[in-house]
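Here is what each chain is made of, one letter per residue.
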Amino acid sequence: MSALHPFSLLAIAAALPAFAWILPAPAGGLATTLIAMGLTLTPGASPGSTGAGSTPGWRPGLVTFRTALVIAAPFWLFLRLLHDGPTTVAMGLRITTMVASCVWLVAVLSPDRLVEAMVARGWSLAVAYLFGATLSAVPVLKARARRIVEAQRCRGLSPRGSVANRLRALRALALPLVLSSLHEVDERTLALETRGLGMGVRRTPLAAPIDRTAERVARWTLLLLCLAALIRRLA
């Protein structure tokens, strides 16, 4: 999956939630949920990876599958408290599709390849960097949080035990994490300004991903299918 063009990955991640909301419930939501959760099991789908450089195999896919389940579970509980059975199932399946699609996209899409693809299409470098930085924020923050937790453990602070201990550990984690993130934003801003990010000059991609004809046809087919399903639903 990570070998696909970044725009193809974006199209799949956008089409599944669209179909989940357009197609009649609960059958439409169930079908899109099964597809989205199945994508999280594909080899190379690893949370915190950079897509193309992720470790192949099913174990990373199982981690992505579990991550999607953990994120979607609170939404099911919240919906169960607010709605009756059929509505809970319909809304839960749609939200699960959205969650699984986003988790899969973050796991399989390389921010570097996405930026290269956008630059090759003539997009603004600032817009391309915004998309790339958003995708890479999760693994970067996760790695930084892990280092902070290890440093706090060396100082004798345990994140386990009573609620008070957990709250103290959370405060000790949150403050350094926020401050380090703000400091990194300043450093990145300075580095991008020195490289002329805001000059508006068209950039030349170094290694633009290959956009095959079959993938372009598939993307347009997905768009047309979404439009056809929406027109039929409205009619």
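Note that the coordinates shown come from a computational prediction; the quantities given were computed from them, not determined experimentally.

**Q** Describe the overall build of the chain, listing the residues and the values that go with them.
**A** When its secondary structure is counted, the chain shows eight helices and zero strands. The order of α-helices and β-strands along the chain, N terminus first, is α-α-α-α-α-α-α-α. The buried share of the chain, reckoned over its 235 residues, is 34%. In the chain, 71% of the contacts between residues at least 6 apart in sequence involve partners at least 24 apart. On the chain, roughly 14,200 Å² of surface is accessible, and the fraction owed to carbon and sulfur atoms is 70%.

**Q** Break down the nonpolar core for me, with residues and values.
**A** Core analysis: the biggest nonpolar cluster contains 24 residues, and Leu 9, Trp 104, Leu 105, Leu 109 and Leu 114 have the highest contact counts within it. Of all the elements in the fold, those that place two or more residues in this core are helix H1 (6–22), helix H2 (27–40), helix H3 (58–82), helix H4 (85–108), helix H5 (111–120) and helix H6 (125–154). Ranked by residue count, the leading element in this core is H4, at seven residues. Counting five residues, the second-largest nonpolar core is a separate cluster that includes Ala 15, Phe 19, Ile 22 and Ala 229.

**Q** Account for the packing of H1 against H5, naming residues and giving values.
**A** The relative placement of two packed helices is expressed as an angle between their axes plus a distance between the axes. Interhelical geometry of H1 versus H5 gives an angle of 105° and a closest axis separation of 9 Å. Classified by the angle their axes make, H1 and H5 are roughly perpendicular. Residue-level inspection shows Pro 6, Phe 7 and Leu 10 of H1 in contact with H5, the latter providing Arg 113, Leu 114, Ala 117 and Met 118.

**Q** I'd like a rundown of the side chain of Thr 32, residues and numbers included.
**A** Residue placement: Thr 32 occurs in helix H2. Of the polar contacts made by the side chain of Thr 32, one reaches the backbone oxygen of Gly 29; its length is 3.0 Å. Of note is the side chain of Thr 32, whose polar atom sits 3.1 Å from the side chain of Thr 97. With near-sequence residues (within four places) excluded, Thr 32 lies in contact with Leu 16, Phe 19, Ala 20 and Thr 97.

Thresholds, definitions, all that
- Residues numbered from 1 in each chain as written.
- Predicted model: local features only at pLDDT ≥ 70, side-chain atom pairs only at ≥ 80, totals over all residues.
- Heavy atoms only, no water.
- Helix = DSSP H or I, 4+ residues; strand = E, 2+ residues; numbered from the N terminus.
- Buried < 20%, exposed > 50% of the residue type's maximum accessible area, 1.4 Å probe, protein only.
- Contact = heavy atoms within 4.5 Å.
- Areas by Shrake-Rupley, 256 points an atom, 1.4 Å probe, with all protein chains shown as cover.
- Core = buried A, V, L, I, M, F, W, Y, C linked by side-chain atoms within 4.5 Å.
- Axes fitted to C-alpha atoms, helices over the stretch in contact; angles between N-to-C directions.
- Parallel < 35°, antiparallel > 145°, perpendicular 65-115°, else oblique.
- Polar contact = N/O pair within 3.5 Å; in protein donor to acceptor, adjacent residues only side chain to side chain.

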